[in-house]
Structure formats: C-alpha cells, structure tokens
Amino acid sequence: MSPAPSSLHLAVALDGTGWHPASWREPVASPRDLFTAAYWADLVTEAERGLLDFVTIEDGLGLQSSHFLDPDERTDQVRGRLDAVLIASRVAPLTRHIGLVPTVVSTHTEPFHISKAIATLDHVSTGRAGLRVQLTARPNEAAHFGRREIPRIDAYDQPVIHDLFDETADYVEVVRRLWDSWEDDAEIRDTATGRFIDCDKLHYIDFEGRHFSVKGPSITPRPPQGRPIVSALAHDTVPYRLVARAADVGYITPYDADEARAIVAQIRAEQNVAGRAAEPLHLFGDLLVFLDDDPGAATARRARLDALAGEPYTSDAQIFAGTPSQLADLLQELQGAGLSGFRLRPAVAGHDLPAITRGLVPELQRRGVFRRAYEADTLRGLLGLARPANRYTEA
Amino acid sequence: MTKPLKQIHLAAHFPGVNNTTVWSDPRAGSHIEFSSFAHFARTAERAKFDFLFLAEGLRLREQGGEIYDLDVVGRPDTFTVLAALAAVTEHLGLTGTINSTFNEPYEVARQFASLDHLSGGRSAWNVVTSWDAFTGENFRRGGFLPQEERYSRAKEFLATANELFDSWHGDEILADQETGTFLRDAKAGAFVHTGQHFDIHGQFNVPRSPQGRPVIFQAGDSEEGREFAAAEADAIFSRHGTLEAGQAFYTDIKSRLAKYGRRPDQLLILPAATFALADTDAEAEELAREVRRQQVSGATALKHLEFVWNRDLSAYDPEGPLPDIDPDVGDDHISKGRAQVRMYRDPIATAHEWRELAEANKWSIRDLVIHTGNRQNFVGSPATLARTIDEFVQADASDGFILVPHITPTGLDEFADKVVPLLQEKGVFRTEYEGTTLRDHLGLAHPENVPS
C-alpha cells in the first residue's frame, strides 16, 4: 500500500551528540560513547521505531570546525568522528526497514571505492542504502591527501567551486554507471558451459573526465535497489544545479514557505534544463529542531544550550523550537510550498530524536500524513521511487 | 624437558574468486548476499577461530580480452562488509585485504580506525600492493607505479598510516560535561609526514581505537615481501602449505626478526590451507579427487594452460594431449589481473617439463592441470586432520592456518563441528575466547600508547 498523496517523508540527520555545539553537555547525551557501535545502533533503532524513511550520517575528511574553511582548534565541542559508511553498515544488520544514507566526500576519494562501498551497503541492508554526496573546499583537508591544492574561496560563484561541483557531478555519474555495470541477471551459474557469469552482461563504463577516468566494470554486482539513493544538500544556484542534475533527494534550507517555493521553482527549472523533468526528484526541507511537549521548555532548552556554548547557535537551516503540534503545522505549510519531505536535525540527539519519533510522528499520523507501518522493504520503496532499469540492458 | 605445546591459531578465508571455490556444487550459495557472509562468520566464531579473512581485487580478471567467467566473479567492498559482520559476531577478528597502491593513507587509516572502534578492537589489515596499469584504469592515479617502487610505496603507506593511528594517544577525550572541555588538546591528531610518496599534514579525525592500530598482515613472498613482513607485520598470510616448505619459510622469516629488534613470537606465520574432510581417510581421499575434478573443468584446464602458454588454446581438447607449440613469451600477457601468472618465470621450460610429465603418465590437459595444481593441504578424517594440523604447528611449519573451504557459505561447518573439538581435546586450541580484541586472540601486545 503506498502512502496517501498528502503523506510526507521524514528523515533525520545524525551528527555526533546532536547539531547544537553544546549538545554533548546535556545529561541525556553520552559523549563518551560516540565512538562505539552501540551509540549509533541506539540512535538508528530509535529512528526506525518512529518509522522514519531514512537517517543520514554526517562525515568529513578532517576535524569538525565552526569556521567555514579552516580548523578552529576548539576544545569545547565534539571533535573526531567515525567513517559514516562504516557506521551505516555496522547498524544495517540490526535494523530492517529504515534507509541508511551516509555522507561521502567526492573531492579526494575514489568513485570506484565509494560505488562498491554503497553497493555493498545496499547488499548488506537488502536494499536500504543511499549516499549524501558532499564536496570539500577546505585547504586543510586537501593537505590530508597531498594530491592537489585547493585555492581559497570566499563565495559560491568562483571557478574553483564550479569545478568542484562539476567533479562531484562526474563522481555521481561514475558511481551510478558502476552500479549499472553488472546487469541484474549477469550471474548465470551455467554448469553446462562452466560459466559463472555471462560476460555480455558486464559492462565497461569507460568514463573519462577532467579529474578521473574509470574503466569498470565494478567488482561488486548490481545492488538490490539497482541504484541506491543519491542525495545532496544545497544552498545556492551551483549546488541547486547539482541536485537538479544528479540527485534523487535534495535537501534545501528555506526559512519560510515563500523561500521554499522560490527554491523549488529554481531547482525544477534546472531540472528541465538538465533534461530530467520527467524523473522523480524529492526536495526535502532541512530544519534544526528543539522539540518538547511544553513550548516554553523547547525555547528554554535552546537558551540554556546557547548559554553553555557562549553564543547563540546559528545554522544554515531554520531553527525550530516548539511542540510536536507546532512543528507538524510548519511541516505541512512547507509541504504546501512544494516540499515532499523533511530532514530534521535534532539539536540534541538523545532528546530531540525520541521527541521526533514519539511526539512528532504520532502527531503526523493523527493528521493522516505519515505512515503507520513501513509499507516497503527498500529505501526506494519508502520514497515511492521505482527500481531503475539498467542503462546497459538492451531493450 | 619437553617443549610446551604451541597453541594453534585458526582463521577462515571466505571462499574467493578463483577455482578453489566450487560454485557448481548444489550446496553452493550466494557469494554476495550478506546472509552468506554472516553464516560463514558465525561458523568461524562458533568454532572459536581467531579471525575471518577477506581477499580483494580491484579489477575483474580478464583472459584473452574477455572478463574471466569460469570462476566466481564479484565480491563486496571489504571495509563495508567487515563493518556489517562486526554486528553479527562478538569476538571474531575481521581481516581485510586493502591495497596500498590505489588508496590514500588518510582515508584507509580512517576506515581501519573506524572499523576497530565499531568492532571493539577486532580489525586487521592485510597490506597488499599492485602496480599494474590494468587495475589502475579504475582509479584517479591510473597505472603510475614502477614495479620496483611498489614495496617502497607500501612501506611508506603503512608507516604513514601508523603515524595517523598514533596521532591520537588515547587520553585526549575528556568529555567533561561540567567544565565543558571535550578535548584535552586542541592539537589532537596532529601529524606531518614528508616522504617520497606522501607529503601530507594536518589532523587525523578518528580518536585512538581499542587496538591502537589494526593487526598488520603481509602476504607477499618475494625477498622484499619477506623483509617487509619481518620489519612491519604482525602476521604473514603465506602459501607454503607443505611441511617441508612451511618449515623452511618459517625458519627463514623468524630468523629475520632479530635484526629489527623483534622476538619470534611477534610475527605469526599463517599459511592458507585447503582441506577435504570426510568420515574416513579413504572417503576423504575420494572426496579430494572429486573436488579437484570439480575445481578443474575441461574449460578451466585450458585457461590454466594458457597462463603458461600465453596463447589462445581454446581450439585444443582438454581431454587430449598438451599443445606441441611453444608458449608465447611476449610481454603482453593473455591473462590480466592475476598475480599467479608471474610464477612461471620460464614458460618454455615449464611447457617442456609438463609435456614430458603428461606423456610419461598418459595425462590429458585436464589431468595435467589437476595433478600440477594445488592438491588440498589436508585430506582425511576429523582425527587425521586434527593430528596433521597439530603436527604441522608443533613442528614449526606454521603457527596455525587460514582455512580456505571450497563451498560458500557452509564449507567450514563440518570442520567446526568435527575437527575443532578434537584440537580442543588435545589442548592446542582454545575452548573459549580469553580476550576481546584480535590482538588478544593472537597473543600480540597492544601497541604502546605514547603519552601526550
């Protein structure tokens, strides 16, 4: 049974102890457990308890920083993290329905490795994998690899940024071609001829780009979803174009319904330009949430955390502090502006994630806009996306 | 005074993409579904094995310009499947083969440190190298590395990764909720490496993992490979499976350790070992013959002969005599992505030798390949296998074995049920895990934490 048309999709973005920089100081946080499997298993099973579509897991090729481009050498915030793909894979056998969408960085890594890693995550989770692709223009992260220098940037419209986004588009193209490089029925196990595979159903991808060339085929057979979900966060025209060209799900950060409408229109226009108008592309609103049953409690918590941090927390995304009912109102209003779902960033993972699963979700269910049971076994299924045909299969 | 009994180390090699693996057997399951990996890992853990071992290859093999289709083709990403296996096991070590040529130290160190955290200290890294442009065609670097530089790069890669693992000392995270100090030191993870192959600096972003560093395996057999292992490795995945060859290798390697200031017990020698197990020795011999014929079909025999002849031999009858033409000794090899073809250093001599062997024994091509190929290392009843394996270890032919079953995923079940209890009765194999980390299982010290 597919969800009713008015249903919305809900994901949660996991990052350390939560998105507020002082979240680790809350009694409910377990900052010493951050580098254990049990910590992540608890969060993801809680998200699954709330029937969420998927979780994303943040990552990066350097220490977290409050600065846009440089390390901050702060000691009062969470620093250090585990590889997001491996966290996702570690929790996959412990969950059954929820989608697992780790962040992967396109700038210094190998598309061949990432393609088989996400394909393997899809095999391990039997069809629940995706990725959130992110690039990095941080000079210190480039120095961790020592392969190239990235000029300092200060705005989105500089050539280096265009180049990094073009590289990311190439990267996604290669990752997807590699997923398709095995046809679904390539493994034949034909004992009569002794052939394990049908070579005609494995394909070179022969990609040649400015930053890399990849021959293929993948070493990993086509994943259960055919192509796992590709998602990206976008705040400006250049990244909107990447979402329009390359993503199945885009995360955007409107502060109100009008802004949401404008961004949606811009991305849909880019989607037309890219010749993808007919392809489904979910646009999710990103919101950072402080959620309590008592409206005063949420704002008080926010104020307390800001005081602990020593400054008011600002975010690229709208910050919401209120009750599940108020948040449901806001989500439905934004949904009306053309968003099909939301990626909520819990301010404090140990508090706001359960508030989402046990407060917001029941409220949305009462309103008839959120599932009451998982209706599909794959992430594509939950998002209402068909399993794609293989580009290399001859009709 | 009698020498105390050595404790045997046992590991399970997930059946690989070569003709040891018999996919045509009706019992053979999926080589890619996670349920196969989970079954295999759980069997190994039930049997109290030290670790599971995964091989890796970064380009599908080709022969005669086509993807090689007679063996299992396709496998998962090593790190990703090992992380998932950490969820379905509690003690079993998780050893992954990861290439030092087509990766970068910062990323690989992050992945191993993460795997070590996520498995509670059970990760191990089999460091391998390659240089071929054929594999390089899948990567940013392409085929850039001269063959003679591959060990120098591998050494520097491992040294750099160790610098990254050691860049956190283990006491940096205070996470003091009262005072608001998360990190003791703003420079946690700081590193600078300047070398021939890597010139990198910054801060590593994964705090020190339970084992400090993953257990390091080395698998190469060349002079350089042996020296690399003696200097750097915790264990060797070797191929010397007979008693005499095993003892010679064992003595050679262990004698190299002193010059690096290391004791013989700081480097374990663990050869790969295949086996044929049945209720009686006679039945096991019969099974071994049958499996060899399954492993070497007529088509496989021709392809294996091509490794030496370096020519298309598809027109020959595998049940007929060997080709009377000589091998092509040109540089471009018919087989791509397969290390084993380098074994035949003088193909013309090998071809002459094989022709004589086949004529003397009245062997067909297929018979020849079956007889010159690797027979199972251990063949026999449970009692015979337990006795032989113990003898090999006590006679210093190895410190244990990495078992390579021929059936996925159930090929280890019978060994676990029938042979392991006999080894336990002899007092040479653990009945319970005594520690939690792979270093504990292998009796290896944890690397010292350098105080910050």
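Residues numbered from 1 in each chain as written. Chains lettered and ligands numbered in written order. Predicted model: local features only at pLDDT ≥ 70, side-chain atom pairs only at ≥ 80, totals over all residues.

- Under an unreviewed UniProt entry, the name given to chain B is NtaA/DmoA family FMN-dependent monooxygenase, and the organism recorded is Streptomyces lanatus.
- Taken from UniProt, the Sequence similarities (unreviewed entry) comment for chain B reads in full: "Belongs to the NtaA/SnaA/DszA monooxygenase family." (UniProt positions renumbered as here; feature names shortened; annotations may be inferred.)

- In the nomenclature of an unreviewed UniProt entry, chain A is known as LLM class flavin-dependent oxidoreductase of Streptomyces lanatus.

### Comments concerning the overall build of chain B
1) Next: Along the backbone of chain B there are 14 helices and 17 strands.
2) Next: The C-alpha atoms of chain B give a radius of gyration of 23 Å, which matches the 22 Å a tight globule of 452 residues would have.
3) Next: Dimensions of chain B, computed from the C-alpha atoms along their principal axes, are close to 80 × 55 × 45 Å.
4) Next: Going through the 452 residues of chain B one by one, you find that 52% of them count as buried.
5) Next: Pairs at least 24 residues apart make up 75% of the contacts formed inside chain B by residues separated by at least 6 positions. (Helix = DSSP H or I, 4+ residues; strand = E, 2+ residues; numbered from the N terminus. Rg over C-alpha atoms; globule rule 2.2 N^0.38 Å. Buried ≥ 20, exposed ≤ 12 C-beta atoms within 10 Å, placed from the backbone. Contact = placed C-beta atoms within 7 Å.)

### Quick notes on the sheet that holds strand 4 (residues 66-67) of chain B
Residue and element names in this part refer to chain B.
1) Next: Pairing in this open sheet of three strands is antiparallel, and the strands run 4-3-15 from one edge to the other. Edge positions in the open sheet fall to strand 4 and strand 15 (335-336), since each of these has one partner strand only.
2) Next: Of the pairings in the sheet, the one linking strand 3 (residues 62-63) to strand 15 comprises two bridges and is antiparallel in character. When the sheet's bridge partners are listed, Gln63 is paired in strand 15 with Ser335. (Pairing = 2+ DSSP bridges.)

### Section: the confidence of the model for chain B
1) Next: In this model, chain B carries a mean pLDDT of 94, and residues with pLDDT of at least 70 account for 99%.
2) Next: Listed scores for the predicted complex are pTM 0.97 and ipTM 0.97. (pLDDT = per-residue confidence, 0-100.)

### Comments concerning helix 2 (residues 78-88) of chain B
A turn of α-helix holds 3.6 residues, and therefore any two residues three or four places apart point the same way.
1) Next: The buried fraction of helix 2 of chain B is high, at ten of eleven residues.
2) Next: Turning to helix 2 of chain B, its buried residues number three or more, namely B:Thr78, B:Phe79, B:Thr80, B:Val81, B:Leu82, B:Ala83, B:Ala84, B:Leu85, B:Ala86 and B:Ala87.

### So, the nonpolar core
The nonpolar side chains of soluble globular proteins are, as a tendency, buried together.
1) Next: Judged by nonpolar contacts, the single largest core of 232 residues is most densely connected at A:Val55, B:Leu52, B:Phe217 and B:Leu403.
2) Next: Excluding residues that lie within four positions of it along the chain, A:Val55 makes contacts with A:Ala11, A:Val12, A:Leu14, A:Val44, A:Ala47, A:Ile98, A:Leu100 and A:Val101. (Core = buried A, V, L, I, M, F, W, Y, C linked by C-beta atoms within 7 Å.)

### Quick look at the interface of chain B and chain A
Many structure descriptions define interface size as the accessible area lost when the parts assemble.
1) Next: The interface of chain B with chain A comprises 61 residues on the first partner and 62 residues on the second.
2) Next: Looking at the side of chain B that touches chain A, the elements that each hand over two or more residues are strand 4, helix 2, helix 3 (105-118), strand 8 (181-183), strand 10 (199-203) and helix 9 (298-309) of chain B.
3) Next: Considered class by class, the residues forming the side of chain B that touches chain A number 31 nonpolar, 18 polar and twelve charged. (Nonpolar A, V, L, I, M, F, W, Y, C, P; charged D, E, K, R; others polar.)

### A closer look at the pairing of strand 11 (residues 215-218) of chain B
All names here are of chain B.
1) Next: Both faces of strand 11 are covered, namely the face carrying Val215 and Phe217 and the face carrying Ile216 and Gln218.
2) Next: As defined by bridge partners, strand 6 (residues 123-128) adjoins strand 11 across four bridges and the pair is classed as parallel. Across the sheet, the residue bridging to Val127 is Gln218, located in strand 11.
3) Next: Bridge analysis of strand 11 against strand 12 (residues 235-238) gives two bridges, and the strand direction is parallel. Bridge pairing in strand 12 links Phe217 to Ala235.

### Considerations on the domain arrangement of chain B
All names here are of chain B.
1) Next: Each assigned domain of chain B is listed with its residue range as follows: domain 1 (9-280 + 376-442) and domain 2 (297-372).
2) Next: Put simply, the middle of domain 1 and the middle of domain 2, counted by C-alpha atoms, are 32 Å apart.
3) Next: Each partner contributes residues to the interface: domain 1 has eleven residues there, and domain 2 has ten residues.
4) Next: Within the residue set of the side of domain 1 that touches domain 2, elements represented by two or more residues are strand 3 and helix 4 (133-136). (Domains from an automatic or database assignment.)

### Some words on the packing of helix 1 (residues 37-49) of chain A against helix 2 (residues 84-91) of chain A
All names here are of chain A.
1) Next: The interhelical angle for the contact between helix 1 and helix 2, taken along N-to-C directions, is 70 degrees, at an axis separation of 9 Å. Between helix 1 and helix 2, the angle falls in the class roughly perpendicular. Handedness of the crossing formed by helix 1 with helix 2: right-handed. Residue-level contacts link Ala37, Trp40, Ala41 and Val44 of helix 1 to Ile87, Arg90 and Val91 of helix 2.
2) Next: Here the contact of helix 1 with helix 2 is built from residues that sort into six nonpolar, no polar and one charged. (Axes fitted to C-alpha atoms, helices over the stretch in contact; angles between N-to-C directions. Parallel < 35°, antiparallel > 145°, perpendicular 65-115°, else oblique. Left-handed = near helix turned anticlockwise from the far one by under 90°.)

### Digging into the environment of B:Thr251
All names here are of chain B.
1) Next: Along the chain, Thr251 turns up in helix 7 (residues 243-256).
2) Next: Classification of Thr251 as exposed rests on a count of 12 C-beta atoms within 10 Å.
3) Next: In this structure the C-alpha to C-alpha distance between Thr251 and Pro264, which are 13 residues apart in sequence, comes to 9.7 Å.

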